[in-house]
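Each chain, letter by letter, is given below.
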Amino acid sequence: MRWFRRHGRDLPWRRTRDPYRILVSEFMLQQTQVGRVEGYYARFLDRYPDIQALAGAPPAAVRESWAGLGYYRRAANLHRLAREVVRDRGGVLPSEPEELRTLPGVGPYTAGAVATFAFERRTAAVDTNVARVIRRAFHPRLAPSGSRRVWDTAALLVPRAGSAAWTFNQAIMELGALVCTARVARCGECPVRTACATGRRTR
Ligand code: SF4
């Protein structure tokens, strides 16, 4: 967490706790790199500044705002979600991961991410970056099918206090994006090396 405070990137969705804005960022970041999302994110929020504005937009306009980001199903799901939340929940997104998961297009990762990044809930949010760090650090020999184990370990690691949970989840995600990457594990510059099963074996 200390490493993250010094080296974490200053990203627009890290400057807010607005659940709608966090939700939009998480939908956009599914299968798309941070660098590409930043510009689209700002434009999308200019056009649809809150969940009511998105819910009231015609589907073709939402699709057009998403043009260039690809995977349009994400836009369709986000739009359906906005309509459902405005219609059934007075425009208020739920804060618990279990409830978030009942919404269109929200899987376990997105539910955890919105719960912790918007509401500072003590919950895990395991995306591919986090899963890679946890596997290398704690379960270097775990079979690819062992994702339940990875989630269980992630849940044990999350600090109890809400703001610390936010920082921890951002930090481990950032570690996977910048240091413990899919291409190379930069163990020599890693802040958790002494606690990591893979890092301890690396010279
Ligand atoms: S020590 Fe190496 S393998 Fe372990 S988390 Fe850091 S970069 Fe990844």
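Because the structure is a prediction, the values reported are computed rather than measured. Each chain has its residues counted from 1, following the order in which its sequence is written. Residues qualify for local features only when their pLDDT is at least 70, as the model is predicted, and side-chain atom pairs are given and counted only at 80 or more; totals for whole chains, interfaces and linings, by contrast, use all residues.

**So, the domain arrangement of the protein**
- As far as domains go, the protein holds domain 1 (1-8 + 122-203) and domain 2 (18-119).
- An automatic or database domain assignment supplies the residue ranges for each domain. Measuring from the centre of the C-alpha atoms in domain 1 to the corresponding centre in domain 2 gives 26 Å.
- Across the contact, eight residues belong to domain 1 and seven residues belong to domain 2.
- When the residues that make up the side of domain 1 that touches domain 2 are grouped by side-chain class, the tally is five nonpolar, two polar and one charged. Here, residue contact means that the backbone-derived C-beta atoms of the two residues sit within 7 Å. Amino acids are sorted into nonpolar (Ala, Val, Leu, Ile, Met, Phe, Trp, Tyr, Cys and Pro), charged (Asp, Glu, Lys and Arg) and polar (every other residue, Gly among them).

**Focus on the site of the ligand**
- Near residues are defined by distance alone, with the backbone-placed C-beta atom required to lie within 6 Å of the molecule or strand. Of all residues adjacent to the ligand, which total 14 residues, the nearest are Cys180, Cys187, Cys190, Cys196 and Gly199.
- Per the convention used, a helix needs a DSSP run of H or I reaching at least four residues, while a strand needs a run of E reaching at least two, with both numbered from the N terminus. Elements with a contribution of two residues or more to the shell around the ligand: α9 (128-138) and α12 (197-201).
- For the shell around the ligand, the leading source of residues is α9, giving three residues.

**Description of the environment of Gly90**
- Looking at the secondary structure, you find Gly90 in the loop between α6 (72-89) and α7 (97-100).
- Three exposure classes are used, based on other C-beta atoms lying within 10 Å of a residue's own C-beta, which is placed from the backbone: buried for 20 or more, exposed for 12 or fewer, and partly exposed in between. Look at Gly90 and you get exposed, because 7 C-beta atoms sit within 10 Å.

**Topic: the environment of Ala185**
- Mapped onto the secondary structure, Ala185 falls in the loop between α11 (162-178) and α12.
- When the C-alpha atoms of Ala185 and Val133 are compared, they prove to be 9.2 Å apart, with 52 residues separating the residues in sequence.
- Not counting residues within four places of it along the chain, the set of residues in contact with Ala185 comprises Arg136, Cys180 and Thr198.

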